[in-house]
Amino acid sequence: VVRLPMSRADAVDPEEALVAALSSCHMLFFLSYAAAGGFVIDRYEDEAVGEMGKNESGAVAMLKCRLRPKITWGGTPPDAAKLDALHHRSHKDCYIANSVRTEVLIEPR
């Protein structure tokens, strides 16, 4: 929001922190539920993106957050239905996602 040179390019701004919090919360629930289901994950990456704009009352807000997890499985991965269920449960239980009005979309890569 604050342009250079009045800000630091290497600093995290609040919008980035919100996206990171949503991503991290989803990831932690997902890793926990996957492990409980017997799945091994070697790597979990997320290229999460937030979309700013004006909300219904005209205030600037984080309108949408797209989580784009890419998972490298250490063993046999879940089938599509189980993977979808893991993401759905993780999103449903994520207390950060439950605390914001931002639309959170899960778009596995």
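Residues numbered from 1 in each chain as written. Predicted model: local features only at pLDDT ≥ 70, side-chain atom pairs only at ≥ 80, totals over all residues. Heavy atoms only, no water.

A. Local environment of the overall build of the protein. Secondary structure assignment for the protein yields two helices and five strands. If you line up the protein on its principal axes, its C-alpha atoms span 50 × 30 × 20 Å. Here the protein, with 109 residues, has 26% of them falling under the buried criterion. Just so you have it, the protein exposes about 7100 Å², and 55% of that area is on carbon and sulfur atoms. Taking the 13 positively charged and 15 negatively charged side chains of the protein as two groups, their mean positions are separated by 1 Å. (Helix = DSSP H or I, 4+ residues; strand = E, 2+ residues; numbered from the N terminus. Buried < 20%, exposed > 50% of the residue type's maximum accessible area, 1.4 Å probe, protein only. Areas by Shrake-Rupley, 256 points an atom, 1.4 Å probe, with all protein chains shown as cover. Lys, Arg positive; Asp, Glu negative; His and termini not counted. Charge placed at Lys NZ, Arg CZ, Asp CG, Glu CD.)

B. Focus on the nonpolar core. By size, the foremost hydrophobic cluster in this structure holds 18 residues, and its most contacted members are F30 and L86. Elements represented by at least two residues in this core include exactly α1 (14-36), β3 (60-67) and β4 (69-73). It is α1 that provides the largest number of residues to this core, a total of seven residues. (Core = buried A, V, L, I, M, F, W, Y, C linked by side-chain atoms within 4.5 Å.)

C. Seen up close, the environment of R68. Looking at the element boundaries, R68 is found in the loop between β3 and β4. With relative accessibility at 27%, the residue R68 sits in the partly exposed group. Dropping the residues within four chain positions of it, R68 is found in contact with E45, D46, E47, V49, E107 and R109. (Contact = heavy atoms within 4.5 Å.)

D. View of the layout of surface pockets. Here the largest pocket is characterised by a volume of approximately 200 Å³. Forming the walls of the largest pocket are twelve residues, and the residues nearest its centre are V2, S7, R8, A11 and D13. Among the residues making up the lining of the largest pocket, the classes are represented as seven nonpolar, one polar and four charged. (1 Å grid on protein atoms, 1.4 Å probe; cavity = no way out; pocket = protein on both sides within 12 Å on 5 of 7 lines; lining within 4 Å. Points joined across faces, edges and corners; volume = space filled by probe spheres on them. Nonpolar A, V, L, I, M, F, W, Y, C, P; charged D, E, K, R; others polar.)

E. Fine view of the side chain of R66. On the secondary structure map, R66 appears in strand β3. On the accessibility criterion, R66 (18% relative accessible area) is buried. Polar side-chain contacts of R66 include one of 2.6 Å to the side chain of E51. Among all residues touching R66, those that are not within four sequence positions of it are E47, A48, V49, E51, L105 and E107. (Polar contact = N/O pair within 3.5 Å; in protein donor to acceptor, adjacent residues only side chain to side chain.)

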